[in-house]
Amino acid sequence: MVTPPTTSLPPMKTGARDTVLVTGFDAFGTHAMNPSALVAQTLHQRQIAGCRVIGAELPTVFGLCLERLDSLLARHQPLLVVGLGLAAGCAALQLERVALNREDARIPDNQGAQPQDRPVIPGAPAAYLSSLPIDAMLRSMSAAGVPVQTSQNAGAFVCNHLFFGLMHRLASVPALHGTRGGFIHLPQLPDQGSPHMPLAQMVHGIRTGIRCALAASTALVQQPGNIET
């Protein structure tokens, strides 16, 4: 049996989809700050292509981050959801293509949990494809002068946990039908070490990517696609 999402959303109001939800994570492990939370905070209440951005910080905690996500989805019922996270060691914005139904934490989360080789949602598909227009976003962000690349998966820590949980909700919750979503990893900030990227450049890149996603007539897939094994 597939464990259903805990969120229960009211029916979508006609014309209500004018919100973009951008989430980041709080600091974790040896990182004193997390640029993903700073980018989400910077974009909060901005307008992009006629849509209002809601930026929110999530806890780097298995399970709890999805509970907070459910609350945000229920409150805002967004048109687009972009999750952000830190990937120390990468030098570019990293557009994630696939969310895996697997968690295998190399370090504990912020409440000490360190799950090993278990599914994010038992009985759910093995993976979901991002429903963001990844290739179009890559081109537009690169043209805007922002280092950017694609990645085949988001790892096995809390970032992937959130990404998979998000895509499962978009695929299975009727009130979210038509909402597109995905995940982007960010480099460190300059004072966190190398490689790094200035916060302003990250914000510019994410804003450009969101504008592209909102303008795209079709996504990589029309609905969040699952990958069976």
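Residues numbered from 1 in each chain as written. Predicted model: local features only at pLDDT ≥ 70, side-chain atom pairs only at ≥ 80, totals over all residues. Heavy atoms only, no water.

J.: Help me out: how do you make sense of the sheet that holds strand 2 (residues 47-48) in this one?
T.: What the 7 strands build is an open sheet, ordered 2-3-1-4-9-5-8; its pairing is mixed. Edge positions in the sheet fall to strand 2 and strand 8 (148-151), since each has one partner strand and no second. Against the sheet, helix 2 (residues 64-76) makes contact with strand 1 (19-25), strand 3 (51-58) and strand 4 (80-86), and its axis sits at roughly 160° relative to strand 3, the strand it touches most. (Pairing = 2+ DSSP bridges. Helix = DSSP H or I, 4+ residues; strand = E, 2+ residues; numbered from the N terminus. Contact = heavy atoms within 4.5 Å. Axes fitted to C-alpha atoms, helices over the stretch in contact; angles between N-to-C directions.)

J.: I tried to follow helix 5 (residues 199-215) on my own but got confused; where do I start?
T.: Every α-helical turn comprises 3.6 residues, leaving residues that sit three or four positions apart pointing alike. Here helix 5 contains 17 residues, and its C-alpha end-to-end distance of 24 Å stays within 8% of the 24 Å for a straight helix at 1.5 Å per residue. Listed in full, the buried residues belonging to helix 5 are Met-202, Val-203, Gly-205, Ile-206, Thr-208, Gly-209, Ile-210, Cys-212, Ala-213 and Leu-214. (Expected span 1.5 Å × (residues − 1). Buried < 20%, exposed > 50% of the residue type's maximum accessible area, 1.4 Å probe, protein only.)

J.: Please explain the packing of aromatic side chains as it appears in this structure.
T.: Any aromatic ring pair is given by two values, namely how distant the centres are and how the planes are angled relative to each other. By the definition in use, this model includes 4 aromatic pairs. Aromatic pair Phe-62 and Phe-157: ring centres 5.7 Å apart, planes at 85°, arrangement edge-to-face. With Phe-62 in the loop between strand 3 and helix 2 and Phe-157 in the loop between strand 8 and helix 4 (158-172), this pair connects stretches of sequence that are 95 residues apart. Here Phe-157 falls in the buried class, since its relative accessible area comes to 16%. Taking the centre distance of 5.1 Å and the plane angle of 50° together, the rings of Tyr-128 and Phe-164 count as tilted. Highlighted residues: Tyr-128 in strand 7 (residues 127-129) and Phe-164 in helix 4, separated in sequence by 36 residues. (Phe/Tyr/Trp six-rings, centres within 6.5 Å; stacked < 30°, edge-to-face > 60°.)

J.: How do you make sense of the nonpolar core when you look at a structure like this?
T.: Buried together is how nonpolar side chains tend to be arranged in soluble globular proteins. Among the nonpolar cores identified, the biggest contains 34 residues, and Leu-21, Phe-25, Cys-65, Leu-69, Leu-162, Phe-164 and Met-167 are the most heavily contacted of them. Of all elements in the fold, only strand 1, strand 3, helix 2, strand 4 and helix 4 reach the threshold of two or more residues within this core. Top contributing element to this core by residue count: helix 4, with 8 residues. Val-82, Leu-95, Ile-134 and Val-146 belong to the second-largest nonpolar core, a separate cluster that totals 30 residues. (Core = buried A, V, L, I, M, F, W, Y, C linked by side-chain atoms within 4.5 Å.)

J.: I tried to follow the pairing of strand 9 (residues 180-186) on my own but got confused; where do I start?
T.: Regular strands have side chains that alternate between both faces of the sheet. Burial within strand 9 is extensive, with 7 of its 7 residues counted as buried. Residues Arg-180, Gly-182, Ile-184 and Leu-186 line one face of strand 9 and the alternating positions Gly-181, Phe-183 and His-185 line the opposite face, and both faces are buried. Note that strand 4 and strand 9 share 7 bridges and pair parallel. Pairing of Gly-83 across the sheet is with Phe-183, part of strand 9.

J.: Where do I start with the pairing of strand 1 in this structure?
T.: For strand 1, the buried fraction is high: 7 of the 7 residues fall into the buried class. The two faces of strand 1 match: Thr-19, Leu-21, Thr-23 and Phe-25 on one face and Val-20, Val-22 and Gly-24 on the other face are all buried. Pairing between strand 1 and strand 3: 7 bridges, direction parallel. Within strand 3, the position partnered with Gly-24 by the bridge is Glu-57. Note that strand 1 and strand 4 share 4 bridges and pair parallel. Each bridged residue has a counterpart across the sheet, and for Leu-21 the counterpart in strand 4 is Val-81.

J.: It is not clear to me how helix 3 (residues 134-143) should be interpreted in this structure. Could you clarify?
T.: For helix 3, every residue scored as buried is listed here: Ile-134, Met-137 and Met-141. The buried residues of helix 3 occupy an angular sector of 60° when projected down its axis, which confines them to one face. Those residues of helix 3 that are exposed and angled more than 90 degrees off the buried face are Arg-139 and Ala-143. Those residues of helix 3 that are buried are in contact with strand 5 (93-96), strand 8, strand 9 and helix 5. (Arc of directions from axis to C-beta.)

J.: Looking at this model, I keep getting lost on the confidence of the model for the protein. Mind explaining?
T.: The predicted coordinates of low-pLDDT regions are not to be read in fine detail. Of all residues in the protein, 87% attain a pLDDT of 70 or more, and the chain-wide mean is 89. In this model residues 217-224 is a low-confidence stretch, pLDDT under 50, and it forms 23 contacts with partners more than four residues away in sequence or in other chains. (pLDDT = per-residue confidence, 0-100.)

J.: I tried to follow unusual backbone geometry on my own but got confused; where do I start?
T.: What you tend to see is this: most non-glycine residues have negative phi, and most peptide bonds are trans. Residues Ser-194 and Pro-195 are joined by a peptide bond in cis, for which omega reads -5°. As for its placement among the helices and strands, Pro-195 is situated in the loop between strand 9 and helix 5. Even without a glycine there, the phi angle at Gln-77 is positive, about 40°. Here Gln-77 lies in the loop between helix 2 and strand 4. Residue class for Gln-77 comes out buried when judged on its relative accessible area of 9%. Although it is not a glycine, Asp-117 sits at a positive phi angle of roughly 45°. If you trace the backbone, Asp-117 turns up in the loop between strand 6 (98-100) and strand 7. Assessed through its relative accessible area of 60%, Asp-117 is described here as exposed.

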